[in-house]
Amino acid sequence: MLSRKNKIIVMKFISLFSVVRGYNIPIIVLAQYLSAIFILAPEKRPLSILLDFDLFIIVFVSSLTIASGYIINNFYDSKKDLINRPNKSMLDRLVSQKTKLQVYFSLNFIVAFLAIFVSWRAFMFFSVYIFLIWYYSHKIKKYPIIGNLTSAFLAILPFFAILLYYKNLYEVIFGHATFLFLLLLIREMIKDLENIKGDLANDYKTIPIIYGETVSKQIITFLTIATIVPIYVLIEIFDVGYMDIYFYSCLIILIFFLLRLWKSDTKEHYLMLHNVLKFLIVSGVFCIILINPSVLWHGRKLLMSI
């Protein structure tokens, strides 16, 4: 049986885990490694990628940077989240704002310290990344369009750290990145519709607040239709193996997504649409394996021989 003091400590750890969205970090790590194996360095043996210590540092540093980004975002959004996410906000507030900042600066120091051991280029990349996340949370996110674009861009930036590491500029990479960017941008705009009350109360100038929900839905519709372009390029021009099943499935789901979008007018409706996009993004990570599923079929033998 835990003492009261220990219970408080456990609850604070849970709170901090919620602040850094610890449930997202393993997905990001998996996405980076799968991208390296199947997209960014397909000519290398998978086992050599998994055992690459410098790559491990880059992935680890990316995770810490993203975690620190969630902290500073939570720090600036604390008032807004009381309205938009009251239950999560109450849990997050078990950790003081001072402690959040201490953890934020500690994580950023560790990031800079580890990145410099990989290369000066890695150090500069993550230094700029940390600054952009802070500036986005402090200023940019309050403004329409540029805030949405910056958020989506920052979400895919960790994958460019892997790209710079391997120095491979395969065109197929930009097809995947464009599709992911569009999904993330659509999700950000859905979040704006979902969080209108909190954004309005805290003077956030989002698209639905300034131009109305109809204009916001029109832009989301355009962006959703635009996903056809990278999907077509990836399926018809490049070889994505069995991952074309995922992209065809996305097209079908996005059609129903649009039909539901135009019938939505409550926070619950937009939350459901938000979760649909989350599902597409997360399932897309696991579906990277479909590019060459034989890696799983032949197990260790293939890992050693490719």
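Residues numbered from 1 in each chain as written. Predicted model: local features only at pLDDT ≥ 70, side-chain atom pairs only at ≥ 80, totals over all residues. Heavy atoms only, no water.

Colleague: Lay out the overall build of the protein in plain terms, naming residues and giving numbers.
Modeller: A count of helices and strands for the protein gives 18 helices and zero strands. Principal-axis analysis of the C-alpha atoms places the extent of the protein at approximately 55 × 50 × 45 Å. Out of the 306 residues belonging to the protein, those deemed buried represent 47%. Contacts in the protein between residues at least 24 apart in sequence constitute 76% of all its contacts with a sequence separation of at least 6. When the accessible surface of the protein is totalled, it reaches about 16,000 Å², and 70% of it is carbon and sulfur. The distance from the centre of the 30 positive side-chain charges to the centre of the 18 negative ones in the protein is 11 Å. (Helix = DSSP H or I, 4+ residues; strand = E, 2+ residues; numbered from the N terminus. Buried < 20%, exposed > 50% of the residue type's maximum accessible area, 1.4 Å probe, protein only. Contact = heavy atoms within 4.5 Å. Areas by Shrake-Rupley, 256 points an atom, 1.4 Å probe, with all protein chains shown as cover. Lys, Arg positive; Asp, Glu negative; His and termini not counted. Charge placed at Lys NZ, Arg CZ, Asp CG, Glu CD.)

Colleague: Tell me about a nonpolar patch on the surface, and please be specific about residues and values.
Modeller: A surface patch of nonpolar side chains, about 1,000 Å² in accessible area, is lined by Phe53, Phe56, Phe60, Phe109, Ile110, Phe113, Ile116, Phe117 and Trp120. Here the element with the most residues in the nonpolar patch is helix α7 (residues 97-118); it accounts for five residues. With respect to the element layout, tryptophan 120 can be found in helix α8 (residues 120-138). (Patch = residues over 30% accessible without salt bridge, like charges linked within 9 Å, V, L, I, M, F, W, Y side chains within 5 Å. Salt bridge = Lys/Arg side-chain N within 4 Å of Asp/Glu carboxyl O.)

Colleague: Got a sec to walk through the packing of aromatic side chains? Specific residues and values, please.
Modeller: This model, assessed by the stated rule, comprises 17 aromatic pairs. Between phenylalanine 17 and tyrosine 23, the aromatic rings sit 6.3 Å apart at their centres with planes inclined by 65°, giving edge-to-face as the arrangement. Tyrosine 23 gets classed as partly exposed once you look at its relative accessible area, which sits at 44%. On the basis of an interplanar angle of 65° and a centroid distance of 5.2 Å, the ring pair of tyrosine 246 and phenylalanine 247 is categorised as edge-to-face. Here tyrosine 246 falls in the buried class, since its relative accessible area comes to 7%. On the accessibility criterion, phenylalanine 247 (1% relative accessible area) is buried. Members of the aromatic cluster, each reached through a chain of ring pairs, are Phe53, Phe56 and Phe60. (Phe/Tyr/Trp six-rings, centres within 6.5 Å; stacked < 30°, edge-to-face > 60°.)

Colleague: Give me the lowdown on unusual backbone geometry, citing residues and values where you can.
Modeller: Despite not being glycine, arginine 21 shows a phi value in the positive range, around 50°. Along the polypeptide, arginine 21 turns up in the loop between α1 (4-19) and α2 (25-40). Judged by its relative accessible area of 23%, arginine 21 falls in the partly exposed class. Although it is not a glycine, aspartate 203 sits at a positive phi angle of roughly 60°. Considering the arrangement of structural elements, one finds aspartate 203 in the loop between α11 (196-201) and α12 (207-210).

Colleague: Give a detailed account of α7, specifying residues and quantitative values.
Modeller: The end-to-end C-alpha distance of α7 is 32 Å, a good match for the 32 Å that 22 residues give at a rise of 1.5 Å each. Among all positions of α7, only Lys100, Tyr104, Leu107, Asn108, Val111, Leu114, Ala115 and Val118 are buried. For α7, the arc enclosing every buried residue in end-on projection is 140°, short of the 170-degree limit, so these residues lie on one face. Turned more than 90 degrees away from the buried face of α7 sit Lys98, Phe105, Phe109 and Phe117, all of them exposed. Looking at the buried side of α7, the elements it contacts are α1, α4 (53-76), α6 (86-92) and α8. (Expected span 1.5 Å × (residues − 1). Arc of directions from axis to C-beta.)

Colleague: Provide a residue-level description of α8, including the pertinent values.
Modeller: For α8, built from 19 residues, the straight-helix expectation of 27 Å at 1.5 Å per residue is met to within 8% by its first-to-last C-alpha distance of 27 Å. The elements touched by buried residues of α8 are α4, α7, α9 (146-166) and α10 (171-194).

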